[in-house]
Amino acid sequence: MARYQETTQTETLHLPSNITSKGVAATELRPWGAFTVLEEGRGYKIKRIEVKPGHRLSLQMHHHRSEHWIVVSGTARVTCGEKEVLLSNNESTYVPQCTSHRLENPGVIPLVLIEVQNGEYLGEDDIIRYQDDYARTKD
């Protein structure tokens, strides 16, 4: 009987400090669904966002970041400035910094998308809410 021996070789990839990942956050639940930070580094953050059918995020704006949204599954109704578009899986859109925007799931299945944020500051407190279905706007 032949003997099988498996060898594994592990290589370490050293990234420059300006693109080294800072780690991954746990999933955060929201009234409209949830998001998970997949990766974060200097100047960027990548999230997986899931929006429940019939729900939407606040009409909002960010001073310090832009966002790219790529639909993985479901249908997204996107308001960006004065424009509104419907996106399906494998379609994407760009939300410029300082532009009002909203993400909505008009469908009957969960909307899943990947969000790539770019900017000097990516904190969750960089959200100016204009309208919100869950009473999270400041009066």
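In what follows, the structure referred to is the one given above.
Fair warning: this is a prediction, and the values are worked out from it, not measured in the lab.

*Asks:* Whenever I open this one, the sheet that holds strand β8 (residues 92–95) confuses me. Can you help?
*Replies:* Two orientations exist for strands paired in a sheet by backbone hydrogen bonds: parallel and antiparallel. One open sheet holds the 6 strands; their spatial order is β1-β2-β3-β10-β5-β8, and the pairing between them is antiparallel. Lying at the two open borders of the sheet, with one neighbouring strand each, are β1 (28–30) and β8. Across this sheet, the average inter-strand angle for adjacent strands is 25°, counted without regard to direction.

*Asks:* Whenever I open this one, the packing of aromatic side chains confuses me. Can you help?
*Replies:* In this description, an aromatic ring pair is defined by two values, namely the gap between the centres and the angle between the planes. All told, the structure shown has 0 aromatic pairs when counted by the stated rule. One residue, Lys47, lies across the ring of Phe35, its end atom 3.9 Å from the ring centre.

*Asks:* How do you make sense of the pattern of salt bridges when you look at a structure like this?
*Replies:* Within this structure, the stated rule accounts for 8 salt bridges. Glu124 is the partner of Lys47 in a salt bridge, and the nearest nitrogen-oxygen pair spans 2.6 Å. Linking Lys47 in strand β3 (residues 44–51) with Glu124 in the loop between β10 (111–119) and β11 (128–131), this pair joins segments that are 77 residues apart in sequence. Looking at Lys47, the relative accessible area reads 5%, which means it is buried. Note that Asp132 is salt-bridged to Arg136, the shortest N-O span being 2.9 Å. Arg136 sits in the partly exposed class, given a relative accessible area of 24%. Taken together, the salt bridges that share partners define one network made up of Arg77, Glu84 and Glu104.

*Asks:* Sorry, what's going on with the nonpolar core here?
*Replies:* A general feature of soluble globular proteins is that nonpolar side chains tend to end up buried together. Judged by nonpolar contacts, the single largest core of 16 residues is most densely connected at Ile49, Val51, Ala76, Val78, Leu103 and Leu111. At the level of secondary structure, the elements contributing two or more residues to this core comprise β2 (33–41), β3, β5 (65–73), β6 (76–80) and β10. Examining the composition of this core, we find that 3 residues originate from one element, β6, more than from any other. For Leu111, the contacting residues outside a window of four places in its chain are Ile49, Glu50, Val51, Val71, Ser73, Gly74, Thr75, Ala76, Leu103, Glu104 and Asn105.

*Asks:* Hey, could you run me through the side chain of Gln117 in this one?
*Replies:* Positionally, Gln117 belongs in strand β10. In terms of polar contacts, Gln117 uses its side chain to reach the side chain of Glu115, at 2.7 Å. When near neighbours in sequence (up to four residues on either side) are disregarded, Gln117 contacts Gly43, Tyr44, Lys45, Lys47, Arg65, Ser66, Glu67 and Leu122.

*Asks:* Looking at this model, I keep getting lost on unusual backbone geometry. Mind explaining?
*Replies:* Note on backbone geometry: most residues besides glycine have negative phi, and most peptide bonds are trans. Here the phi dihedral of Asn90 falls at roughly 70°; this positive angle occurs in a residue that is not glycine. In this fold, Asn90 is placed in the loop between β7 (83–87) and β8. Under the relative-accessibility criterion, Asn90 is labelled exposed at 69%. One non-glycine residue, Cys98, lies in positive phi territory at about 65°. Locating Cys98 in the fold gives a position in the loop between β8 and β9 (101–104). Residue Cys98 is classed as partly exposed on the basis of its relative accessible area of 47%.

Thresholds, definitions, all that
Residues numbered from 1 in each chain as written. Predicted model: local features only at pLDDT ≥ 70, side-chain atom pairs only at ≥ 80, totals over all residues. Heavy atoms only, no water. Pairing = 2+ DSSP bridges. Helix = DSSP H or I, 4+ residues; strand = E, 2+ residues; numbered from the N terminus. Axes fitted to C-alpha atoms, helices over the stretch in contact; angles between N-to-C directions. Phe/Tyr/Trp six-rings, centres within 6.5 Å; stacked < 30°, edge-to-face > 60°. Lys NZ or Arg CZ within 6 Å of the ring centre and 35° of its normal. Salt bridge = Lys/Arg side-chain N within 4 Å of Asp/Glu carboxyl O. Buried < 20%, exposed > 50% of the residue type's maximum accessible area, 1.4 Å probe, protein only. Core = buried A, V, L, I, M, F, W, Y, C linked by side-chain atoms within 4.5 Å. Contact = heavy atoms within 4.5 Å. Polar contact = N/O pair within 3.5 Å; in protein donor to acceptor, adjacent residues only side chain to side chain.

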